[in-house]
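Residues per chain are reported as follows:
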Amino acid sequence: MTSPTLAAGVVERHLRARRDAGRGLLMPYVTGGITPGWTDYLRAFAAAGADAIEVGLPFSDPTLDGVTIQQASETALARGASTRRILADLSGMPDLGVPLVASTYYNLVLHDGPESFCAALRRAGVGGLIVPDLPVHEADELTDAAAAGIELVLLASPTTPRPRLAEISRRSRGFVYAVSLMGTTGERAALAASAAELTERIRCVTDRPVLLGFGISTPDQAREARRHADGVVVGAAVMRRVLDGAGPDDLRAFLATLRRALDQE
Amino acid sequence: MTSPTLAAGVVERHLRARRDAGRGLLMPYVTGGITPGWTDYLRAFAAAGADAIEVGLPFSDPTLDGVTIQQASETALARGASTRRILADLSGMPDLGVPLVASTYYNLVLHDGPESFCAALRRAGVGGLIVPDLPVHEADELTDAAAAGIELVLLASPTTPRPRLAEISRRSRGFVYAVSLMGTTGERAALAASAAELTERIRCVTDRPVLLGFGISTPDQAREARRHADGVVVGAAVMRRVLDGAGPDDLRAFLATLRRALDQE
Amino acid sequence: GRFGEYGGRYAPESLVEVCREVEEEFREAWADPGFRGALARLLAVHAGRPTPLTPVRRLSQELGVQLYLKREDLTHTGSHKINNVLGQALLATRMGRRRLIAETGAGQHGVAAATAAALLGLEATVFMGERDIERQALNVFRMRMLGAEVVPVTTGSRTLKDATSEAMRHWVGATGDSHYCIGSVVGPDPYPWMVREFQRIIGDEARGQCAAELRTGVPDYVVACVGGGSNAAGTFAGFADTPARLVGVEAEGGAGAARGRLGVLHGCRSLFLQDDDGQITQAHSIAAGLDYPGVGPEHAHLRDLGRARYVTVTDDEAIGAAVRLARSEGIVPALESAHALAWVIRAAGGGDLPAGSTVLMTLSGRGDKDVSTLKELL
Amino acid sequence: GRFGEYGGRYAPESLVEVCREVEEEFREAWADPGFRGALARLLAVHAGRPTPLTPVRRLSQELGVQLYLKREDLTHTGSHKINNVLGQALLATRMGRRRLIAETGAGQHGVAAATAAALLGLEATVFMGERDIERQALNVFRMRMLGAEVVPVTTGSRTLKDATSEAMRHWVGATGDSHYCIGSVVGPDPYPWMVREFQRIIGDEARGQCAAELRTGVPDYVVACVGGGSNAAGTFAGFADTPARLVGVEAEGGAGAARGRLGVLHGCRSLFLQDDDGQITQAHSIAAGLDYPGVGPEHAHLRDLGRARYVTVTDDEAIGAAVRLARSEGIVPALESAHALAWVIRAAGGGDLPAGSTVLMTLSGRGDKDVSTLKELL
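Residues numbered from 1 in each chain as written. Chains lettered and ligands numbered in written order. Predicted model: local features only at pLDDT ≥ 70, side-chain atom pairs only at ≥ 80, totals over all residues. Heavy atoms only, no water.

Draft legend 1. Quick look at the interface of chain D and chain B. With 34 residues of chain D in contact, the opposing surface of chain B contributes 37 residues. Carbon and sulfur atoms make up 50% of the surface buried where chain D meets chain B, a total of about 2800 Å² over both sides. Area buried by chain D at its contact with chain B is led by E13, R169 and Q279 of chain D, which between them contribute 25% of it. Linking chain D with chain B are four salt bridges. At the boundary of chain D and chain B, one finds 22 residue pairs in polar contact (both at pLDDT 80 or more). Secondary-structure elements contributing two or more residues to the side of chain D that touches chain B are helix 1 (13-30), helix 8 (160-172) and strand 11 (261-265) of chain D. Looking at the side of chain D that touches chain B, the element that brings in the most residues is helix 8 of chain D, giving six residues. Of the residues that constitute the side of chain D that touches chain B, the class distribution is nine nonpolar, 12 polar and 13 charged. (Contact = heavy atoms within 4.5 Å. Buried area = accessible area lost by both parts, 1.4 Å probe. Salt bridge = Lys/Arg side-chain N within 4 Å of Asp/Glu carboxyl O. Polar contact = N/O pair within 3.5 Å; in protein donor to acceptor, adjacent residues only side chain to side chain. Helix = DSSP H or I, 4+ residues; strand = E, 2+ residues; numbered from the N terminus. Nonpolar A, V, L, I, M, F, W, Y, C, P; charged D, E, K, R; others polar.)

Draft legend 2. Representation of the environment of R215 of chain D within the structure. Residues and elements named next belong to chain D. Here R215 is to be found in the loop between helix 9 (191-213) and strand 9 (221-225). Given the relative accessible area of 82%, R215 is considered exposed. Considering only alpha carbons, one finds R215 and I101, 114 residues apart in sequence, at a separation of 45 Å. (Buried < 20%, exposed > 50% of the residue type's maximum accessible area, 1.4 Å probe, protein only.)

Draft legend 3. Layout of the layout of surface pockets. Its volume calculated, the largest pocket comes out at about 610 Å³. Along its surface, the largest pocket is lined by 29 residues, and L138, D368 and K369 of chain C together with L138 and D368 of chain D are the ones closest to its centre. Listing elements by their share of the lining of the largest pocket, those giving two or more residues are helix 6 (130-135), helix 7 (137-145) and helix 15 (371-377) of chain C together with helix 6 (130-135), helix 7 (137-145) and helix 15 (371-377) of chain D. Looking at the second largest pocket, its volume works out to about 520 Å³. Looking at the lining of the second largest pocket, the elements that each hand over two or more residues are helix 1 (10-20), helix 4 (83-91), strand 4 (126-130), helix 7 (140-146) and strand 5 (151-156) of chain A. Across the lining of the second largest pocket, the residue classes break down as 17 nonpolar, seven polar and four charged. (1 Å grid on protein atoms, 1.4 Å probe; cavity = no way out; pocket = protein on both sides within 12 Å on 5 of 7 lines; lining within 4 Å. Points joined across faces, edges and corners; volume = space filled by probe spheres on them.)

Draft legend 4. Representation of helix 4 of chain A in the model. All names here are of chain A. All of the buried residues in helix 4 are T83, I86, L87 and L90. For helix 4, the angular spread of the buried residues around the axis is 95 degrees, confining them to a single face. Each element contacted by the buried residues of helix 4 is listed here: helix 2 (39-47), strand 2 (53-56), strand 3 (100-103), helix 5 (106-112), helix 6 (114-123) and strand 4. (Arc of directions from axis to C-beta.)

Draft legend 5. Fine view of the sheet that holds strand 8 (residues 231-234) of chain A. Residues and elements named next belong to chain A. Here we have eight strands rolled up into a closed barrel, ordered 1-2-3-4-5-6-7-8, and parallel in their pairing. If you compare each strand with its neighbour and ignore which way they point, the axes differ by 30 degrees on average. Here four bridges tie strand 3 to strand 4, and the two strands are oriented parallel to one another. Bridging across to strand 4, L100 finds its partner in V126. Relative to strand 1 (residues 25-31), helix 11 (residues 236-243) is tilted by about 40 degrees, and along the sheet it contacts strand 1 and strand 8. (Pairing = 2+ DSSP bridges. Axes fitted to C-alpha atoms, helices over the stretch in contact; angles between N-to-C directions.)

Draft legend 6. Seen up close, the packing of aromatic side chains. Scanning the model with the defined rule gives 22 aromatic pairs over all chains in all. Considering the side-chain rings of Y106 of chain A and Y10 of chain C, the 5.7 Å spacing of their centres and the 15 degrees angle between planes classify their relative orientation as stacked. Remark: Y10 of chain C occurs in the loop between strand 2 (6-7) and helix 1 (13-30) and Y106 of chain A occurs in helix 5; the pair is interchain, linking two chains. There is no split in this pair, since Y106 of chain A and Y10 of chain C are both buried. (Phe/Tyr/Trp six-rings, centres within 6.5 Å; stacked < 30°, edge-to-face > 60°.)

Draft legend 7. Seen up close, the relation of the copies chain D and chain C. When chain D is fitted onto chain C, the two copies agree to an RMSD of 0.0 Å after a turn of 180 degrees and an axial shift of 0.0 Å. Taken together, the rotation and translation relating the two chain copies correspond to the operation of a two-fold axis. Nearest to the rotation axis, the C-alpha of L74 of chain D is located 3.0 Å from it, this being the minimum over chain D. Comparing interface residues between copies, 100% of those in chain D also lie at the interface in chain C; the contact surface is shared. (Least-squares fit on C-alpha atoms with pLDDT ≥ 70 in both.)

Draft legend 8. Structural context of the interface of chain D and chain C. Tallying the contact residues gives 47 residues for chain D and 47 residues for chain C. For the chain D and chain C pair, buried surface summed over both sides reaches about 3700 Å², with 62% attributable to carbon and sulfur atoms. Sorting the residues of chain D by area buried against chain C places L74, F141 and M145 of chain D first, and these three jointly supply 17% of that buried surface. Linking chain D to chain C there are six salt bridges.

Draft legend 9. View of the arrangement of the chains. Comparison of the three pairs of chains in contact shows the highest number of contacts for chains C and D. Considering only C-alpha positions, the minimal separation of the non-contacting chain A and chain B is 64 Å.

Draft legend 10. Layout of helix 11 of chain A. Residues and elements named next belong to chain A. Buried within helix 11 we find A236, A237, V238, M239 and V242. Its buried side turned inward, helix 11 meets strand 1, helix 2, helix 3 (67-78), strand 8 and helix 12 (248-264). Residue G245 follows helix 11 closely and has a positive phi angle near 105 degrees.

Draft legend 11. Spotlight on the confidence of the model for chain C. Residue-level pLDDT values for chain C average 96, and 100% of them are 70 or greater. Taken together, the chains of this predicted complex give a pTM of 0.95 and an interface ipTM of 0.94. (pLDDT = per-residue confidence, 0-100.)

Written out as structure tokens, the structure reads:
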């Protein structure tokens, strides 16, 4: 345990508290603007027992996403979604009781400028930010901009070497996003073997919450993930259902199965 | 007049006699095998007052012929015409009273061998031979083979320089074939200016009959040609009519107009 | 890995380590006379280097300048792309990789990558937008004939941009045995400068040829077309330390350097065409190789420094230039290269190129691939 | 003008004088260092000579021989045809001609002739069979883009043989201002040996490259494909005075040297495919450049002398060889050249080529032109 922790932000405090209470953490994802009433999904997520909610700000070229989230991004953009509108939608919502974490590609951040971008997130009630194409060694300008109130979550991957893993764990805020496998987002038949190894390696360098993402789509996988990590991110499994027409209630039912799986473990 | 004349053959004796009698010489052409009863054309030619008749032995690649005779050759070959069959057809004919002159490309001569080829011509009653792709400097082997009874007619062209013209005139048998213009066989609107000049140049080096060919297709052209040469060869103008379906009587009528034109001059 | 504020390695964390390995291996290889020698030999005996410098006689007279063409169209496979792929394929072999991954638009880089793979006994997987596959059916067949697998990309605009994204996605899952052979001076560090180093042979050769051929030794202007910008980067590299004025010519509809905004795409920070929301927009050019909404980071930097100028020409100007070169010099240029010529023609006519200037222009590829496009237009 | 009993000037009397002029001018030009220098420079700066000698690594191992390719595919326009047309176009200029006449089958010679004409400011009229025009639409457009007039030939089989006949007919009426630029070592004297002299740069270069590259200095076998036979004639010329065994490879369906009979066509005496009546038969080959029913007179003579061997391969063998070279070496050969390779493959497998032999093969052109043909077949 080498990671010195600065004063934790809202997201991290929330997640640490729940983890420390023995709860397996669940962070479902939704692509902002995917449907006219998309914010209803957020309510459903909260109702299903989400511990944090990831809101994707769709980008034209989602290079780390598999087909499902690519398609969700395209659909949302075709509907006229933009960072500005999605944040406006969020601003209009009552507090759900769980922190919101935005995720997007770095081009959208740079386009507005890191300072403005983070300020806009804050105004919309978003507490955290995930930028999958912004690795730790390129993160300085956003870290600085985010310092005032946005927790910048960094990602660790199975090929990240140990010293770098330590740096990521140290500089990540909110939690450490452990990428379960070498691949893009998307549902998989089974949890990758690399997931366990990576989370163990992260645990050696930090006591920050560790959420496993990429490929977790079933209660069984969630249960298995929980054995190693503090919780899971579930994106493509949610968005496939949304693209197939599932409404907020359907998603609440689906997430409830994951919630139960995490609680059982 | 420098050309020493060897004992003239049948064709040349015939043509000289008629020329010396003041007659304009007419040599119509027909592609052998062009129709089932193609030898009827020969009878019609003779009846119309031809002084010699040129029989084309069709070749697959008639590189010095324009479209009309190309088409006639293709048609005849498609009908199954061959040197052997055409000569067989000729063998079966009674004497028409005018000499026959075969014309073809050198490949057909070489294919049978010059000796055999000439012997076959002789057996079929053919007296002369025109090979447009056999210039004088390549003619030795055929000259030797033909010596026994086939008069090898050589061609002269507007670009033939004088010493070569003298050699052609000296070595040609039967007559000298003056190519009226730089071009292929085929009908033309008017007699080329080069025709007069060439025939004059040939006259300076020989007293052998000179027939003008290539492009002579109307009585007016025949009349004009007669002013310079001893007579004309008429090929494409005949064959166009044959291809258009004209029968022997039609051709006789057409040739009669040329005959009259030559006689008037 | 930085060019002023541009460049960098904006790769997903899963690719950071492999990018580092590529960089390390490239640095070692580039300093290794054995590697340099092997590459030089492949370029000579297989790809046909050196390529000639062709003095353009009739068109120069008409334009009132002295124009010289660096003839990359005469290399094996018909464009400068071969310089880079042979280098990367040799590097992949050195790294023990058994496969090349590549993206392609019109198919030139794909054909080159498939060629290098076949030559060195590697496999090749080429990602190509479904729309480009339809438009460039013969190049697809060339790649397959060379033994490459061509994977249709059905997402987004189904063209080069999407093929690049898909190749990167695929690479994330295949870093262990596959090398991603990027075709231009774009992508995460070390690609922009590694590809430039592999392409600098264009500029180095041209520099020497100009020294031998031109009275002035160095041309007044050095001109090249810019899509991602690899032939321009390689050409400019040979003249960076000379007084020659560097001009990059972009397509009107794909002018990343001339009209792009700061952004990050495909692993690097540079200038990209974007809409008001920060979404990357689709480029449009008759030249498939210029049909990319960004530009390599080094070009962005050269622009900021003022060391190079970036100008644009229209589709119609490029077509006109292609026809003019064909008729006056017997060379049918690639439509990409025709852009560079179109600027020379316009600039000579408009006084932007002073009379008597010496101009070196890189003819990056041959126009055979574009003949069916032109056939429909002319 | 004779090669043993072959060759000669079996031209219509109207062409005899112009053939003499071409011969005289060529003899003078060939002895003139100014002409030779100008041609050498065009070949270097415009056409991309010298072309490399490529050692074939992987296929050589598989075959158990040492195979080297002389890379004419890397010349401008993509085949050895450019060597000849630049020579003849320069000669035409020297003779004050303002136009080139050419025949073409697949369009390679036509494109080369149109290219040389554009470069030297001459007009070009290219005769091409109507059937070939349909099959090779893109080459037709390339010629037109280069400013050439392409005249469809509608007679006979509407392919190369007929295009040649039509070009000769046209020349008869245009000798004053036009030069007939024959594309192979056929036609009336001086064409067969003039074209060989223009093509001997292939053999001369290869000879020097072999001397530098091969332990033995001279290869054991020198192999080239033979249609009319210009690339083979040029290649063989460089090795005539060596112990190298010369092998000409013909298409099964166009084997003038292997199966032709004595005849005269298009101005020269040589070996031609004929039926029992002495009519020239139509050749059939998947390679348009081998689709000619005869062979140049020098090849007929080399055959009689036993100095060269002429062998045949089938369409299928050629296709297989093309695919194999593409997959193993990253080179898509012209289907013509693939015939030469097909023989090497068969001979190495069948013991006709002893293990360890060194083999020089001329790769006469690139396969891009054949990709659509192959696409339909594979």
